[in-house]
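This is what each chain is made of:
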Amino acid sequence: MTAALHKIVIVGGGAGGLELAATLGRKFGPTHVILVDRAAYHIWKPSLHEVAAGMLDIHREGLSYFMLAKDCGFTFALGEVAGVDCAAKKISLDCVLNPEHEEIFAAREIVYDTLVLAVGSKSNFFNTPGAGEFALTIDSTEQAERFRQRLLHAVARANRDKNGSAGPALQIAIVGAGATGVELAAELTQAFSEMAFYGLDNFDPSADVQISLLEGAARILSALPEKISSAAHQLLLDRGIAVKTSVRIASVDAHALYDIQGERFPADLCVWAAGIEAPAFLAQLGLATNRNHQLIVDAGLRTSDPDVYALGDCAQAAWGPDGKFIPARAQAAHQQASFLYGALADRIQGRQGATRMFRYKDYGSLISIGHNRAVGRLMGVLAGRGLFVEGLFARLMYMSLHLMHHLAFLGLVRTTSLAVGRLLLKRGAPRVKLH
Ligand SMILES: Cc1cc2nc3c(=O)[nH]c(=O)nc-3n(C[C@H](O)[C@H](O)[C@H](O)COP(=O)(O)OP(=O)(O)OC[C@H]3O[C@@H](n4cnc5c(N)ncnc54)[C@H](O)[C@@H]3O)c2cc1C
């Protein structure tokens with residue numbers, strides 16, 4: 001394969017896919033590098049709990065893929081990938097419709113020499129009855145926006161209907177106390193105090209809202225060290241959140257959740273954040289997948305087809321010799337994108353024989369607990385040992401992860417201008433999005 005012909009198609013412009021498209025695009029240009037995404041603009045997925053709580057405005061935060069393609073030198077194709085024909089080396093995209101159901105882009109096929117699947121993950125309901133119908137998720141910008149709208153309406157109703165009756169007027173249950181559930185719960189308490197500030201005269205968040213965080217394991221953030229888990233637990237309690245561990249939800253209906261013992265947890269709004277699975281179409285491609293539809297990849301991030309690679313949440317990659325897998329985190333997607341840049345540059349330049357092995361390095365974990373606090377652990381700080389961090393410093397480190405993601409495809413000058421611009425814009429708008 002000559003450099004002039006090799007076409008790399010990356011499906012999914014998220015935490016990993018966009019960084020890969022931008023770095024390859026800058027080096028090889030738009031005839032070699034094509035990014036496909038079903039959305040027209042990019043938002044860093046770890047910010048979605050802030051979108052859901054109304055603390056981040058998608059209309060300011062979203063970055064157009066068409067703009068990024070022009071800036072970074074890749075081609076962008078808008079559309080949802082419905083299938084992959086590995087034998088013919090082509091992907092098929094559904095047609096794109098506008099809200100009036102008129103066709104904007106026809107269904108298309110795109111051929112590739114090398115395909116990278118970076119389509120992320122979605123919530124896993126584990127076949128829990130009623131969860132798919134009654135629980136909300138925040139896996140995509142649309143879902144986070146939908147939750148935000150429901151929340152605003154529920155708060156307005158609680159404000160209108162307050163009649164002096166005992167007990168909270170609005171009950172929110174979050175299933176799953178991993179990073180997503182914990183960060184959402186904390187962000188919501190912040191959002192409620194901002195909402196009360198903006199003229200909801202009858203609404204007292206401390207008395208009128210009850211947020212319950214329901215976790216199946218014996219402690220929250222069970223994948224992280226115990227010290228982070230107990231610090232986060234205490235911070236959530238300080239914010240008035242009811243944290244219930246060892247609760248296994250068996251069913252959900254329009255007004256409540258029920259655990260396996262039949263205990264009822266009333267909920268006006270229920271958010272499901274209890275685990276992930278990859279999109280189901282991946283299991284139909286004839287490639288090796290696990291029971292969560294994740295593509296099984298080797299140490300070079302190759303699937304069972306040597307011309308198809310996978311990264312991020314949609315891939316299952318071994319981590320070390322003792323049967324562990326690389327966690328589904330933005331940090332992993334970022335490192336895999338950097339690794340694949342080298343491996344795919346080799347392919348474009350016809351050096352297919354080179355064998356590179358991806359090694360995941362855990363730099364620690366940071367969990368945001370509202371706008372001015374975070375807790376976590378930074379790895380490799382003290383002679384290879386983890387350093388526990390919390391408070392404003394941890395929060396600043398947490399924010400720097402988002403900036404580093406932008407840095408990977410916008411560069412230093414634009415990342416800085418964007419950050420300063422957003423800071424200034426925030427001063428002229430309500431702290432929580434109210435419309
Ligand atoms: C609320 C929340 C908070 C989080 N907080 C953290 C955190 O603090 N730290 C951390 O490390 N991780 C966090 N995560 C996890 C992190 O967001 C993911 O691990 C990371 O985004 C995975 O990157 P990815 O590139 O694999 O997929 P994603 O970033 O999810 O990107 C997938 C992309 O694929 C596109 N796509 C999907 N299907 C198709 C299709 N069929 N056709 C075309 N395009 C498609 C999507 O539109 C999307 O752009 C959080 C997740 C959530 C939901």
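Here the structure is a predicted model, which means the values were calculated and not measured.

### Quick word on the sheet that holds strand β17 (residues 256-259)
Phase 1 of the analysis: Strands sit in the order β16-β17-β18 across an open sheet of 3 strands; the sheet is antiparallel. Every interior strand has two partners, whereas the edge strands, β16 (249-252) and β18 (264-266), have only one. Between one strand axis and the next, the sheet turns by 25° as a mean value, whatever way the strands run.
Phase 2 of the analysis: In this sheet, β17 lies alongside β16 in antiparallel orientation, the contact comprising 3 bridges. Residue pairing across strands places valine 252 opposite leucine 257, the latter belonging to β17.

### With respect to the nonpolar core
When a protein is soluble and globular, its nonpolar side chains tend to lie buried together.
Phase 1 of the analysis: Judged by nonpolar contacts, the single largest core of 63 residues is most densely connected at Phe74, Ile91 and Leu340.
Phase 2 of the analysis: For this core, the element with the most residues is helix α10 (residues 330-348), which contributes 8 residues.
Phase 3 of the analysis: In contact with phenylalanine 74, other than residues within four places in its own chain, are Leu18, Ala21, Ala22, Gly25, Pro30, Val33, Leu35, Tyr65, Leu68 and Ala69.
Phase 4 of the analysis: Listed in part, the 48 residues of the second largest apolar core include Ile174, Ile211, Leu236 and Leu269.

### What to know about the sheet that holds strand β14 (residues 209-214)
Phase 1 of the analysis: Pairing in this open sheet of 4 strands is parallel, and the strands run β15-β14-β13-β19 from one edge to the other. Whereas interior strands pair on both sides, the edge strands pair on one side only; in this sheet they are β15 (242-244) and β19 (269-272). The average undirected angle you get between the axes of adjacent strands in this sheet is 15°.
Phase 2 of the analysis: Summarising the sheet, strand β13 (residues 170-175) and β14 pair through 6 bridges and their orientation is parallel. Bridge pairing in β14 places valine 175 opposite leucine 214.
Phase 3 of the analysis: Against the sheet, helix α6 (residues 141-161) contacts β13 and β19, and its axis sits at roughly 155° relative to β19.

### Quick word on a nonpolar patch on the surface
Phase 1 of the analysis: Taken together, Leu401, Met404, Leu407, Leu412 and Val413 make up a surface patch of nonpolar side chains, about 480 Å² in accessible area.
Phase 2 of the analysis: Within the secondary structure layout, leucine 412 lies in helix α11 (residues 391-427).
Phase 3 of the analysis: By relative accessible area, which is 61% here, leucine 412 ends up exposed.

### Examining the site of the ligand
Phase 1 of the analysis: Among the 30 residues in the neighbourhood of the ligand, the closest are listed as Gly16, Asp37, Val81, Asp313 and Ala330.
Phase 2 of the analysis: Between the ligand and aspartate 37, the relevant distance is 2.6 Å, taken from an oxygen atom to a side-chain nitrogen or oxygen of the residue.
Phase 3 of the analysis: Taking 990 Å² as the accessible area of the ligand by itself, protein coverage stands at 90%.
Phase 4 of the analysis: Counting residues per element, the ones that place at least two in the shell around the ligand are α7 (179-197) and α10.
Phase 5 of the analysis: Looking at the shell around the ligand, the element that brings in the most residues is α10, giving 3 residues.
Phase 6 of the analysis: For the shell around the ligand, the residue count by class is 13 nonpolar, 10 polar and 7 charged.
Phase 7 of the analysis: Mapping the shell around the ligand onto the domain boundaries places at least three of its residues in each of domain 1 (8-121 + 278-348) and domain 2 (131-275).

### Observations regarding the domain arrangement of the protein
Phase 1 of the analysis: Examined at the domain level, the protein breaks down into domain 1 (8-121 + 278-348) and domain 2 (131-275).
Phase 2 of the analysis: The centre of domain 1, based on its C-alpha atoms, is set 31 Å off from the matching centre of domain 2.
Phase 3 of the analysis: Facing 14 residues of domain 1, the contacting portion of domain 2 comprises 17 residues.
Phase 4 of the analysis: Summing both partners gives a buried area of about 1,300 Å² for domain 1 against domain 2, and 69% of it is carried by carbon and sulfur.
Phase 5 of the analysis: Interface area lost by domain 1 to domain 2 is led by His49, Ala52 and Met55, which between them contribute 42%.
Phase 6 of the analysis: Where domain 1 packs against domain 2, one counts 0 salt bridges.

What counts and what doesn't
Residues numbered from 1 in each chain as written. Predicted model: local features only at pLDDT ≥ 70, side-chain atom pairs only at ≥ 80, totals over all residues. Heavy atoms only, no water. Pairing = 2+ DSSP bridges. Helix = DSSP H or I, 4+ residues; strand = E, 2+ residues; numbered from the N terminus. Axes fitted to C-alpha atoms, helices over the stretch in contact; angles between N-to-C directions. Core = buried A, V, L, I, M, F, W, Y, C linked by side-chain atoms within 4.5 Å. Buried < 20%, exposed > 50% of the residue type's maximum accessible area, 1.4 Å probe, protein only. Contact = heavy atoms within 4.5 Å. Patch = residues over 30% accessible without salt bridge, like charges linked within 9 Å, V, L, I, M, F, W, Y side chains within 5 Å. Areas by Shrake-Rupley, 256 points an atom, 1.4 Å probe, with all protein chains shown as cover. Salt bridge = Lys/Arg side-chain N within 4 Å of Asp/Glu carboxyl O. Near = heavy atom within 4 Å. Polar contact = N/O pair within 3.5 Å; in protein donor to acceptor, adjacent residues only side chain to side chain. Nonpolar A, V, L, I, M, F, W, Y, C, P; charged D, E, K, R; others polar. Domains from an automatic or database assignment. Buried area = accessible area lost by both parts, 1.4 Å probe.

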